[in-house]
Amino acid sequence: MFLENLNSKLESLQSLVGNTPLKLLRFKGLNLFAKLEFMNPVGSVKDRPALRILYRALQAGKINEKTLIVESSSGNFASALAIYCRELGLNFIPIIDPNISSCYEDFLRITCDEVIKVQERDETGGYLLTRLAAVRRICSNTPNNFWPNQYENIECMWAHYFGGGAELVRDLPKLDYVFLGVSSGGTISGISRRLKEDFPDCKVVAVDVEGSVIFGGPASKRYIPGIGASLRPSLLNEAKIDEVVYVTERASVDGCLELLHQHGLFVGGSTGSVYAAIKSYFSNRLPMAKIPTVAFLCADRGTAYLDKVFNSKWVESTYPSKRECYQ
C-alpha cells in the first residue's frame, strides 16, 4: 500500500514540474532567451533531478517508508528534496554549511526534522568535501539509507536531458549558444547532450567561478552558493562542452543586479554568474553577421540571496576590489 500511494503521489508531482517559460530579453546584438527555472514548484532547476531521483529509487526498490534519505546541498537541491520527501512521507536529513543562505537554512529547519550543518572547511577552502564526509558517516551508521548523490547519480543528467534540454529543443527553432553554470554537473550534462542532438552546431559554454576547482583552476574561498565546487563531479564526464568561461563572484553580483534592474528578473547568484559570462563572451564579438540565438537558465529566485548578493554592505565588505570576469 505504501508503494502504491508513493507512485500515485509521484505521478501527481511530476505533472507540476517542468515546462518552464522562456523570456526574450532586450540585449543588443543577441536574441537572448532566459529559461525561467524558478517557476518550478519549489523554485529552482533542482526540482527536476530531485523528483526524478526519488521516482527512480522507488522503482528500483531502494526506498521504503523507513528509509532515511541524506544529501549534501548548498540550498536548492535540499529544498526540493525536503518538500518532495515531506509530500511522500519520507524522512530526509540535509547536510549544509555556513555559506548557505539564511533563507534556505530557515526553510530547511521548518521542513525537516533534522538538519546537520558542518563548520569545518575542507582542504580546498570550501565545505563540500566536509559535507560529503558527513553524508558518508551517517549512511555508514544507518542500515536503511538512501543517498541521492547529485554529483554522481546519472538520473540527474537524464532529468535535464528529458526536461530542460527537450523543452529548449521544442520551444526554439534554432539555438547557436547555450550558457550553463556548473556545480554538480547534472544540468550541463543533460542539456548539452540533448541540444547537440537537434542543434549539433550549438556551442555549449560552461560557466564557472574563480575559486572553483571543477575545470582545474586554483581553489580559494567562495561565498555564493549554487555554482562552482571543491571537486570535479563525475557527471561532468557526460557533458558536451565547447568552451569554459570563468567569472569573479563580484561579476556574479553585478549580473544579478543588472538582470533585476534592466530585465525585471529577480534571480540568484549562479544566474548572475552566467549572465556576466554572456556579457564578457560577446563583448568583443558583437556585432556579428547574423544575430545569434542564445539561451541560459534562471536557476532560482533571488529571495535566498537578499542577505548577500542584494546586500550592498555585504558585497562591499566581501569584495573590496571589483574585477571583471574573464575567459
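Conventions used here
Residues numbered from 1 in each chain as written. Predicted model: local features only at pLDDT ≥ 70, side-chain atom pairs only at ≥ 80, totals over all residues. Heavy atoms only, no water. UniProt positions renumbered as here; feature names shortened; annotations may be inferred. Core = buried A, V, L, I, M, F, W, Y, C linked by side-chain atoms within 4.5 Å. Buried < 20%, exposed > 50% of the residue type's maximum accessible area, 1.4 Å probe, protein only. Helix = DSSP H or I, 4+ residues; strand = E, 2+ residues; numbered from the N terminus. Domains from an automatic or database assignment. Contact = heavy atoms within 4.5 Å. Pairing = 2+ DSSP bridges. Axes fitted to C-alpha atoms, helices over the stretch in contact; angles between N-to-C directions.

Per an unreviewed UniProt entry, the protein goes by 2,3-diaminopropionate biosynthesis protein SbnA and derives from Fluviispira multicolorata. Listed under Cofactor (unreviewed entry) in UniProt, the entry text for the protein is "pyridoxal 5'-phosphate". The record held by UniProt for the protein lists under Subunit (unreviewed entry) the comment "Homodimer."

K.L.:
Explain the nonpolar core to me, please; I cannot follow it from the model alone.
P.N.:
Where a protein is soluble and globular, its nonpolar side chains tend to be buried together. Core analysis: the largest hydrophobic core is formed by 41 residues, its most contacted members being Leu 54, Ile 69, Tyr 84, Phe 92 and Leu 108. Going through the elements one at a time, helix H1 (2-14), helix H2 (47-59), helix H3 (76-88), strand E4 (91-96), helix H4 (102-111), helix H8 (249-263) and helix H10 (312-318) are the ones with two or more residues in this core. For this core, the leading source of residues is H3, giving eight residues. A domain-level breakdown of this core finds at least three residues from each of domain 1 (1-39 + 153-311) and domain 2 (47-146). Beyond its immediate chain neighbours, meaning those up to four positions away, Leu 54 contacts Leu 10, Ile 63, Ile 69, Leu 81, Tyr 84, Cys 85 and Leu 88. Val 245, Val 247, Val 267 and Tyr 281 belong to the second-largest nonpolar core, a separate cluster that totals 29 residues.

K.L.:
What am I meant to see in the UniProt feature "domain: Tryptophan synthase beta chain-like PALP" (unreviewed entry) in the protein here?
P.N.:
In the numbering used here, UniProt assigns the feature "domain: Tryptophan synthase beta chain-like PALP" (unreviewed entry) to residues 15-279. As annotated, residues 15-279 has a helix share of 40% and a strand share of 17%, and its two end C-alpha atoms lie 35 Å apart.

K.L.:
Could you clarify how one ought to interpret unusual backbone geometry in this entry?
P.N.:
Along the chain, Leu 286 connects to Pro 287 via a cis peptide bond; the corresponding omega equals 0 degrees. Residue position: Pro 287 is located in the loop between helix H9 (269-282) and strand E10 (293-298). Although it is not a glycine, Asn 149 sits at a positive phi angle of roughly 50 degrees. If you trace the backbone, Asn 149 turns up in the loop between strand E6 (145-146) and helix H6 (154-171).

K.L.:
Whenever I open this one, the sheet that holds E6 confuses me. Can you help?
P.N.:
Strand pairing within a sheet occurs via backbone hydrogen bonds; the two strands may be parallel or antiparallel. Read from one edge of the open sheet, four strands run E5-E4-E3-E6, paired in parallel fashion. Two strands lie at the open edges of the sheet, namely strand E5 (116-117) and E6, each paired on one side alone. Here two bridges tie E4 to E5, and the two strands are oriented parallel to one another. Paired with Ile 96 across the two strands is Lys 117, which belongs to E5.

K.L.:
What is the right way to read the sheet that holds strand E2 (residues 30-36) from this model?
P.N.:
Read from one edge to the other, the open sheet built from six strands follows the order E1-E2-E10-E7-E8-E9, with strand pairing classed as mixed. Since the sheet does not close on itself, it has two edges, and those belong to strand E1 (22-27) and strand E9 (243-247), each with one partner. Across the sheet, the mean angle from the axis of one strand to that of its neighbour is 25 degrees, orientation sign disregarded. Of the strand pairs in this sheet, E2 and E10 are connected by six bridges, and their pairing is parallel. Bridged to Leu 36 within E10 is Cys 298.

K.L.:
It is not clear to me how the pairing of E1 should be interpreted in this structure. Could you clarify?
P.N.:
Looking along a regular strand, one sees side chains alternate from face to face of the sheet. Where E1 meets E2, six bridges bridge the pair, whose relative direction is antiparallel. The partner of Arg 26 across the bridge, within E2, is Asn 31. In this antiparallel pair of consecutive strands, E1 and E2, the connection spans two residues, and Gly 29 shows a positive phi of 90 degrees.

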